[in-house]
Amino acid sequence: MTQDELKQAVGQAAVEILLPTLDDRSVIGVGTGSTANCFIDALAKHKGFFDGAVASSEATAQRLKGHGIQVHDLNSVAQLDYYVDGADEANKHLELIKGGGAALTREKIVAAVARTFICIADESKLVDTLGQFPLPVEVIPMARSHVAREIVRLGGDPVYREGCVTDNGNVILDIHNMQIHDPRKLEEQLNAIVGVVCSGLFAARPADILLLGTKSGVKRLEREQ
């Protein structure tokens, strides 16, 4: 199977988890990126079975609307039963690195509201130690240099993502050359830096279910409670 086929398989698998629980009041949180797009395309075939979705980015909102799926503002939604999104890396504890598509802050907000976070990815994203994929950090523009210096003190090598402006009007620093042995601690340390809006570490709120596309089918991992 190609990587695109693996993404389509996990997108469909996520839809199959959701379908038995949906009704005309259901609102689904939807992430950003190529794997999330495969989920949206599969979900659209069943758009008559739920009320709508909350999008984690402007790009996702446009794709949902293009399929005729109503997009809700998160402030108008009392509850999300599910949030479905991809990841750049995941470990066995279902802690994630996200933000390659620069939507990390909105993704983390929607994930925080959802009762169940389903992460969909191909098997190459599962790693023993997070950090081979550069860790994105969304930063207030005027604080970029200050935040970069603080990241160096934490042992990382921050690189400004040229030409990238988030949907929130901020910039991204990608942290290279850092093996993340304690994701929750590093997430707390990054959050404490003045000028940081959000880091792409999803450790305080990891995924609940990880669906991995493999050549032998979709593998399901669940977070230990």
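Preceding this section is the structure that the text describes.
Residues numbered from 1 in each chain as written. Predicted model: local features only at pLDDT ≥ 70, side-chain atom pairs only at ≥ 80, totals over all residues. Heavy atoms only, no water.

Draft legend 1. Highlighting the overall build of the protein chain. Looking only at helices and strands, the protein chain features six helices and 13 strands. A globule of 225 residues ought to have a C-alpha radius of gyration of about 17 Å, and the protein chain, at 17 Å, matches this closely. A principal-axis box enclosing the C-alpha atoms of the protein chain has dimensions of 50 × 40 × 35 Å. A burial count over the protein chain gives 53% of its 225 residues as buried. Across the protein chain, the fraction of contacts at a sequence separation of at least 24, relative to all contacts at a separation of at least 6, is 73%. (Helix = DSSP H or I, 4+ residues; strand = E, 2+ residues; numbered from the N terminus. Rg over C-alpha atoms; globule rule 2.2 N^0.38 Å. Buried < 20%, exposed > 50% of the residue type's maximum accessible area, 1.4 Å probe, protein only. Contact = heavy atoms within 4.5 Å.)

Draft legend 2. Looking closely at the packing of aromatic side chains. With the rule as written, the count across this model stands at two aromatic pairs. By way of ring pairs, the aromatic residues Tyr83, Phe117 and Phe202 are connected into one cluster. The ring of Phe202 carries the charged tip of Lys98 above its face, separated from the ring centre by 5.6 Å. Between the NZ or CZ atom of Lys108 and the centre of the ring of Phe202, over which it lies, the distance is 5.0 Å. (Phe/Tyr/Trp six-rings, centres within 6.5 Å; stacked < 30°, edge-to-face > 60°. Lys NZ or Arg CZ within 6 Å of the ring centre and 35° of its normal.)

Draft legend 3. The arrangement of the side chain of Asp85 in detail. Relative to the helices and strands, Asp85 is located in strand β3 (residues 80-85). At a separation of 3.1 Å, a polar atom in the side chain of Asp85 contacts the main-chain amide nitrogen of Thr32. When near neighbours in sequence (up to four residues on either side) are disregarded, Asp85 contacts Gly31, Thr32, Ala36, Lys98, Glu107, Phe117, Ile118, Cys119 and Ile120. (Polar contact = N/O pair within 3.5 Å; in protein donor to acceptor, adjacent residues only side chain to side chain.)

Draft legend 4. Broad picture of the sheet that holds strand β2 (residues 52-55). Taken together, the six strands give an open sheet; going across it, the order is β2-β1-β3-β6-β12-β13, and neighbouring strands pair in mixed fashion. At either end of the open sheet lies a strand with only one pairing partner, and these are β2 and β13 (217-222). On average, each strand axis in the sheet is tilted by 25° relative to the strand beside it, whichever way the strands run. As paired strands, strand β12 (residues 209-214) and β13 are joined by six bridges and run antiparallel to one another. (Pairing = 2+ DSSP bridges. Axes fitted to C-alpha atoms, helices over the stretch in contact; angles between N-to-C directions.)

Draft legend 5. The arrangement of the nonpolar core in detail. Leu18, Ile28, Phe39, Ile118, Ile120 and Leu211 are the most contacted members of the largest nonpolar core, which has 25 residues in total. No other element matches helix α1 (residues 3-18), which puts five residues into this core. Excluding residues within four positions of it along the chain, Leu18 makes contact with Ile28, Phe39, Tyr82, Val84 and Ile118. Of all hydrophobic cores here, the second largest spans 20 residues; its members include Val139, Val147, Leu173 and Leu190. (Core = buried A, V, L, I, M, F, W, Y, C linked by side-chain atoms within 4.5 Å.)

Draft legend 6. Expanded view of the pairing of strand β9 (residues 171-176). For β9, the tally of buried residues reaches five of six residues, placing the bulk of the element in the interior. One ladder, built from five bridges, connects strand β7 (residues 135-139) with β9; its direction is antiparallel. Opposite Glu138, over in β9, you have Ile172 as the bridge partner. Pairing analysis gives four bridges linking strand β8 (residues 157-160) to β9, with the strands arranged antiparallel. Considered in β9, the bridge of Tyr160 is made with Leu173.

Draft legend 7. Representation of the sheet that holds strand β11 (residues 201-202) within the structure. One open sheet accounts for three strands, arranged β4-β5-β11; its pairing is antiparallel. The open sheet has two edge strands with one neighbour each: β4 (89-90) and β11. Sheet topology note: the strand β5 (residues 96-97)/β11 ladder contains two bridges and is antiparallel. Within β11, the position partnered with Leu96 by the bridge is Phe202.

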